[in-house]
Protein chains: 2
Amino acid sequence: MNTPHVVIIGGGFGGLETAQRLRKANVRVTIVDRHNYHLFQPLLYQVATGGLSPANIATPLRAIVRKQANCEVLMAEVEDIDVTNQKLVLADGELEFDILVVASGATHSYFGRDDWEPVAPGLKTLADATRIRKRIYLAFEAAERETDEELRKALLTFVVVGGGPTGVELAGALSEIAAHTLKHDFRHINPEDSRILVIEAAPHILAHYPEELCKRAAEKVRSLGIEVHTHTKVTEITPDQVRLATADEETVVLTKTVLWGAGVQASPLGKKLAAACGLETDRAGHLPVTDRLNIAGHENIFAIGDIATCLGQDGKPLPGLAAVAVQQGAYVAKRIAAYGAAVGKNSDGGKGLPAMASSATGKPFIYNDKGTMATIGRAAAVAEIGKHQFCGFFAWILWLFVHLMLIVKFQNRVLILLQWAWSYATFNRSNRIISGEQPVVLPEAKDAAASVE
Amino acid sequence: MNTPHVVIIGGGFGGLETAQRLRKANVRVTIVDRHNYHLFQPLLYQVATGGLSPANIATPLRAIVRKQANCEVLMAEVEDIDVTNQKLVLADGELEFDILVVASGATHSYFGRDDWEPVAPGLKTLADATRIRKRIYLAFEAAERETDEELRKALLTFVVVGGGPTGVELAGALSEIAAHTLKHDFRHINPEDSRILVIEAAPHILAHYPEELCKRAAEKVRSLGIEVHTHTKVTEITPDQVRLATADEETVVLTKTVLWGAGVQASPLGKKLAAACGLETDRAGHLPVTDRLNIAGHENIFAIGDIATCLGQDGKPLPGLAAVAVQQGAYVAKRIAAYGAAVGKNSDGGKGLPAMASSATGKPFIYNDKGTMATIGRAAAVAEIGKHQFCGFFAWILWLFVHLMLIVKFQNRVLILLQWAWSYATFNRSNRIISGEQPVVLPEAKDAAASVE
């Protein structure tokens with residue numbers, strides 16, 4: 001019996017869903033990922049702010065698929081995709097495929113200012129999260145020792161670039177750290193003196209939400225003592241300051257800690273695959289896909305999740321949400337399973353696999369929007385579910401519930417809940433250890449250029 | 001009122017105990033540590049093998065002493081001690097003291113073969129633990145992909161140098177990983193084929209225990225499938241192999257993973273302080289102290305814990321145990337508190353502090369041995385409590401109980417217990433994520449020299 005080999009690049013929400021849905025299909029599945037774990041990205045900001053441990057939100061891919069006999073995991077870096085010969089070029093080898101699912105996600109975009117990356121780290125990986133955690137807590141440590149009033153203020157100023165969900169969640173967590181977690185920890189500074197700014201070029205923060213909800217979210221954010229600067233662009237970031245520009249004026253904010261929550265860029269594989277298939281990506285590197293989620297002209301190559309541009313029924317691109325990737329993974333798995341079943345029945349005695357059916361058959365992918373939500377600091381969130389909008393404590397409870405349910409792939413979700421409940425009840429971020437291989441160097445206020453990371 | 005300034009170098013068991021016991025004393029306390037956390041070292045091997053997260057065994061020092069108004073924490077690296085001027089030389093400043101408690105602990109010793117460190121990492125810090133965790137799990141990943149039979153065997157061979165508690169605990173945890181945790185995770189290798197060796201130069205492993213207990217421990221270790229090589233020296237370690245020598249013969253073991261659990265060396269501050277005071281350290285760098293735990297000739301400088309050599313009542317040096325450091329910390333705090341009280345009563349109106357009373361007054365330090373214990377893999381341990389010796393499951397329950405009680409400084413001990421119970425019940429080491437800033441590089445079997453770390 002012929003058994004097609006399905007290679008999935010990326011063990012995130014989309015890739016993992018595809019793999020698991022192929023559990024009973026007549027296919028061999030290989031998940032290729034550079035990490036050995038699946039990351040629950042929606043809670044990454046909790047790791048970056050010391051509320052959770054990296055292992056709380058990362059589960060070994062092998063552990064997830066251990067009982068799925070037709071699935072194996074390969075920890076490897078994919079360098080290129082050889083479409084003609086149907087194989088992946090790995091950093092240390094090759095891997096042939098019959099069917100390919102590209103689900104390698106996205107990374108930050110600095111809009112052409114990649115030189116800002118070292119001074120303004122983004123939040124996409126576990127390494128990012130521990131790096132940001134280190135910077136936040138080291139800034140307080142340095143402020144405690146600083147005697148110059150102006151430098152101390154700069155150390156206690158935190159600028160979050162981007163008012164999307166990541167930026168707002170980070171700012172909210174920062175305000176909780178300053179107002180509660182570190183309240184009694186220092187002798188020479190008062191962490192409550194911290195200044196937290198969210199910078200957003202658009203007219204509203206959380207701009208994907210309906211305007212009414214945006215306004216309420218902004219009010220809530222401001223009530224936490226966070227400064228929200230909308231209509232404002234960041235024009236320069238150095239280790240010592242950021243330069244902000246509105247339509248009317250330019251201001252300079254002295255700060256030692258800038259966090260990047262602004263742009264997103266599809267994984268570089270998108271561009272490579274597009275070039276190989278004679279397609280073009282959009283400015284953010286997203287691969288265009290058909291309404292069957294395959295690459296035009298390549299029925300056996302699919303792209304799902306943050307790497308792809310998939311148009312919704314309103315003609316706008318679908319947002320970069322876990323829910324989109326998961327539904328796309330399920331859709332693609334269904335198509336592949338149907339193909340596997342057909343191939344299995346029509347065994348041709350070794351003449352190789354037939355081509356996949358034209359993408360014109362079957363129903364196109366339709367995203368079923370069950371709502372979106374984002375947290376704003378302690379016990380507050382905004383949510384839009386169908387036509388209903390929620391803001392505040394109830395939205396937060398919803399957020400908590402949905403995320404805990406979503407985290408079902410994690411065997412230790414009870415532990416996460418307990419850890420969370422503990423942090424919540426005690427204001428204690430027990431994971432705020434400053435780790436790293438290097439001996440710790442405080443950001444030396446007088447020579448900040450050398451102190452970056 | 002005069003208030004002496006007590007500076008404590010090191011926030012480990014000894015330093016923290018000293019600080020906390022000075023809670024109500026007429027002193028100002030500053031704990032200086034290069035890390036911002038207190039580390040519960042006895043469970044470090046659990047982090048190294050993926051059973052616990054770093055944050056489970058590390059608590060921010062500031063959080064521990066937040067309510068102790070007379071205590072502050074300084075995150076800094078101590079470079080030298082200026083005995084004459086009573087101040088510390090920090091990497092980025094100075095710190096004056098009236099009374100100094102040196103509790104900076106110990107690090108690994110490679111017995112003059114420091115070149116072995118990159119290939120055979122030791123286990124003393126959180127960074128060590130995550131590095132070892134990465135190496136262990138990457139070895140299995142590489143073995144899964146390796147097609148050469150001999151290289152695959154080398155990847156599945158783990159050599160632990162040193163049969164003390166650390167070595168035995170690491171080997172036990174490795175055997176559990178191979179036999180249980182990873183049982184169904186791979187498709188091309190069987191983790192149970194792993195070979196685990198413990199190499200010990202002495203006639204017995206766990207040589208600090210009575211001979212009868214050693215033998216039973218060795219039996220138990222062997223019953224886990226671990227090869228115990230006593231009377232055996234390691235003469236060479238390379239990225240590809242270790243060379244072992246007994247009295248009769250030399251053998252070579254092909255391996256990609258060597259873990260160092262052998263030598264211990266006092267923190268380098270010991271040697272510097274000894275030189276400044278005209279004393280000599282022993283070969284392992286331990287500072288000699290009087291039976292009052294101060295440095296001879298310096299009544300106001302104390303050394304406790306792993307950095308000091310303190311003779312027990314039997315004339316032998318006390319072992320490097322948390323219990324010793326804690327009792328020493330309590331003793332030193334009592335002396336300092338008495339001095340603080342005396343100084344406070346006899347306020348001299350700003351003429352400076354009187355010298356500390358001669359160390360000949362008061363009772364000398366006596367270590368109260370409440371027993372020692374070590375785990376051997378899953379649900380087994382050895383323990384010696386007074387004249388009672390235990391081996392096996394009961395000893396393990398004892399070990400568990402004692403360590404959970406000891407961890408009282410950790411506010412999240414309930415979580416640790418739950419996490420532990422979970423790991424135990426499910427054989428699941430949920431913390432086996434391979435982390436690190438660099439993109440993951442598998443130990444390339446053909447070019448192992450480049451793959452180290």
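Preceding block: the structure.
Residues numbered from 1 in each chain as written. Chains lettered and ligands numbered in written order. Predicted model: local features only at pLDDT ≥ 70, side-chain atom pairs only at ≥ 80, totals over all residues. Heavy atoms only, no water.

(A) Representation of the overall build of chain A. Within chain A one finds 11 helices and 25 strands. Long-range contacts, defined as pairs at least 24 residues apart, comprise 64% of the intrachain contacts of chain A with a sequence gap of at least 6. Roughly 18,800 Å² of accessible area belongs to chain A as shown, and the carbon and sulfur atoms make up 53% of that amount. (Helix = DSSP H or I, 4+ residues; strand = E, 2+ residues; numbered from the N terminus. Contact = heavy atoms within 4.5 Å. Areas by Shrake-Rupley, 256 points an atom, 1.4 Å probe, with all protein chains shown as cover.)

(B) Layout of the sheet that holds strand β11 (residues 157–161) of chain A. Residue and element names in this part refer to chain A. Spatial strand order, β13-β12-β11-β17: 4 strands in an open sheet with parallel pairing. Two strands close off the open sheet at either side, each with one partner strand: β13 (227–229) and β17 (257–260). Adjacent strand axes in the sheet meet at a mean angle of 20 degrees, parallel and antiparallel pairs treated alike. Relative to β13, strand β12 (residues 195–199) runs parallel, the two being bridged by 3 bridges. Following the sheet pairing, Leu-197 is matched in β13 by Glu-227. (Pairing = 2+ DSSP bridges. Axes fitted to C-alpha atoms, helices over the stretch in contact; angles between N-to-C directions.)

(C) Fine view of the sheet that holds strand β14 (residues 233–237) of chain A. Residue and element names in this part refer to chain A. The 3 strands are arranged β14-β15-β16 in an open sheet whose pairing can be described as antiparallel. Both outer strands of the open sheet, β14 and β16 (250–254), are each paired with one neighbouring strand and no more. Here the strands of the sheet are splayed against their neighbours by 25 degrees on average, with no regard to which way each runs. Sheet topology note: the β14/strand β15 (residues 241–245) ladder contains 4 bridges and is antiparallel.

(D) The arrangement of the packing of aromatic side chains in detail. For the structure shown, the criterion picks out 14 aromatic pairs over all chains. Judged by centre distance (5.6 Å) and plane angle (70 degrees), the ring pair of Phe-13 of chain B and Phe-40 of chain B falls under edge-to-face. A residue pair is termed long-range when its members are at least 10 positions apart, and Phe-13 of chain B in helix α1 (residues 13–21) and Phe-40 of chain B in the loop between β3 (37–39) and α2 (44–48) qualify at 27 residues. Neither Phe-13 of chain B nor Phe-40 of chain B differs from the other in exposure class; each is buried. Taken together through their ring pairs, the aromatic side chains of Tyr-110, Phe-111, Trp-116 and Trp-260 of chain A make up a single cluster. (Phe/Tyr/Trp six-rings, centres within 6.5 Å; stacked < 30°, edge-to-face > 60°. Buried < 20%, exposed > 50% of the residue type's maximum accessible area, 1.4 Å probe, protein only.)

(E) Structural detail: unusual backbone geometry. With phi around 55 degrees, His-231 of chain A is a residue other than glycine that occupies positive phi space. Relative to the elements of secondary structure, His-231 of chain A occurs in the loop between β13 and β14. Of note, the phi angle at Leu-293 of chain B is positive, near 70 degrees, even though the residue is not glycine. With respect to the helices, strands and loops of the structure, Leu-293 of chain B is situated in the loop between β19 (287–288) and β20 (294–295).

(F) Local environment of the environment of Val-264 of chain A. All names here are of chain A. Mapped onto the fold, Val-264 is located in strand β18 (residues 263–266). Taking the relative accessible area as the measure of exposure, Val-264 reaches 39% and is therefore partly exposed. Through-space distance from the C-alpha of Val-264 to that of Ala-284 is 6.9 Å; in sequence the pair is 20 residues apart. If we skip the residues at most four places from it in the chain, Val-264 touches Ala-106, Thr-107, His-108, Ser-109, Lys-124 and Ala-284.

(G) Just the side chain of His-286 of chain A, in detail. Tracing the chain through its elements places His-286 of chain A in the loop between α8 (269–276) and β19 (287–288). Among residues more than four places away in sequence, those in contact with His-286 of chain A are Ala-266, Thr-281, Asp-306, Ile-307, Ala-308 and Thr-309 of chain A.

(H) Representation of the environment of Gly-14 of chain B in the model. Residue and element names in this part refer to chain B. Position of Gly-14 among the secondary structure elements: in helix α1. Look at Gly-14 and you get buried, because its relative accessible area is 5%. In contact with Gly-14, other than residues within four places in its own chain, are Ala-103, Ile-304, Ala-325 and Gly-329.

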